[in-house]
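Residue strings, one per chain:
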Amino acid sequence: QVQLVESGGGLVQAGGSLRLSCAASGRFSTMGWFRQAPGKEREFVAAKHWIDGSADYADSVKARFTISRDNAKNIGFLQMNSLKPDDTAVYYCAAVTTDWLLSRSANRYSYWGQGTQVTVSS
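Residues numbered from 1 in each chain as written. Predicted model: local features only at pLDDT ≥ 70, side-chain atom pairs only at ≥ 80, totals over all residues. Heavy atoms only, no water.

Caption draft 1: Expanded view of the sheet that holds strand β8 (residues 75-80). Spatially, four strands are ordered β1-β3-β8-β7 in an open sheet, and the strand pairing comes out antiparallel. Of all the strands in the sheet, the pair left with one neighbour each is β1 (3-7) and β7 (65-70). Direction aside, the axes of adjacent strands within the sheet are offset by 15° on average. Inspection of the sheet shows strand β3 (residues 18-25) paired to β8 by six bridges, in the antiparallel sense. Counted as the bridge partner of leucine 20 is leucine 78 from β8. (Pairing = 2+ DSSP bridges. Helix = DSSP H or I, 4+ residues; strand = E, 2+ residues; numbered from the N terminus. Axes fitted to C-alpha atoms, helices over the stretch in contact; angles between N-to-C directions.)

In structure tokens:
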């Protein structure tokens, strides 16, 4: 069983940066990040394979966001740079235990954190 806890959200001005953390317990193959803004569907942000380190990013965040991991501490990170108001959302980390391929589909992730609010002001 996997438990996930996000942290690091907050208020930042457009153009600024934030780093989100996802502290995990238990074993998993992939950690993903998703976000959901009010009135919008949950969308894929990024995913990281915990073993080989491969990563996948949504087109909307490529070149701005970086997903990384600290395997020793079992913590995932999402570094967010050049933030813009459209990035405002609740950000969730999630984990896959059975799939060995990176997935952008939320329904492939079995475990979810509680979410952390990111607000980007103009």
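Caption draft 2: Quick look at the packing of aromatic side chains. If you walk through the whole model with that rule in mind, you get five aromatic pairs. Here the aromatic rings of phenylalanine 34 and phenylalanine 44 are separated by 5.7 Å at their centres, their planes lie at 75°, and the arrangement is edge-to-face. Linking phenylalanine 34 in strand β4 (residues 30-36) with phenylalanine 44 in strand β5 (residues 43-49), this pair joins segments that are ten residues apart in sequence. Note on accessibility: phenylalanine 34 and phenylalanine 44 belong to one class, buried. Ring centres of phenylalanine 34 and tyrosine 109 lie 5.1 Å apart, and the angle between their planes is 80°; on these two criteria the pair is classed as edge-to-face. Of the two residues, phenylalanine 34 is situated in strand β4 and tyrosine 109 in the loop between β9 (89-96) and β10 (111-112); the sequence distance between them amounts to 75 residues. Both residues of the pair, phenylalanine 34 and tyrosine 109, belong to the buried class. (Phe/Tyr/Trp six-rings, centres within 6.5 Å; stacked < 30°, edge-to-face > 60°. Buried < 20%, exposed > 50% of the residue type's maximum accessible area, 1.4 Å probe, protein only.)

Caption draft 3: Geometry of the side chain of serine 103. Note on placement: serine 103 falls in the loop between β9 and β10. There is a polar contact of 3.1 Å between the side chain of serine 103 and the backbone nitrogen of serine 105. Those residues in contact with serine 103 that lie beyond four places of it in its chain are Phe44, Ala47, Arg108 and Tyr109. (Polar contact = N/O pair within 3.5 Å; in protein donor to acceptor, adjacent residues only side chain to side chain. Contact = heavy atoms within 4.5 Å.)

Caption draft 4: Up close: the pattern of salt bridges. What the rule picks out here adds up to five salt bridges. For the salt bridge of lysine 62 with aspartate 59, the shortest nitrogen-to-oxygen distance reads 3.3 Å. What makes aspartate 59 exposed here is its relative accessible area of 61%. With its nearest N and O atoms 2.7 Å apart, the salt bridge here joins arginine 64 to aspartate 87. (Salt bridge = Lys/Arg side-chain N within 4 Å of Asp/Glu carboxyl O.)

Caption draft 5: Here's a closer look at the state of the cysteines. Tallied over the entire structure, the rule returns one disulfide. Here cysteine 22 engages in a disulfide with cysteine 93; their sulfurs sit 2.1 Å apart. In this structure, the disulfide formed by cysteine 22 and cysteine 93 twists by about 65° around the S-S bond and is classed as right-handed. Placement of the pair is cysteine 22 in strand β3 and cysteine 93 in strand β9, with a sequence separation of 71 residues. Under the relative-accessibility criterion, cysteine 22 is labelled buried at 0%. (Disulfide = S-S within 2.5 Å.)

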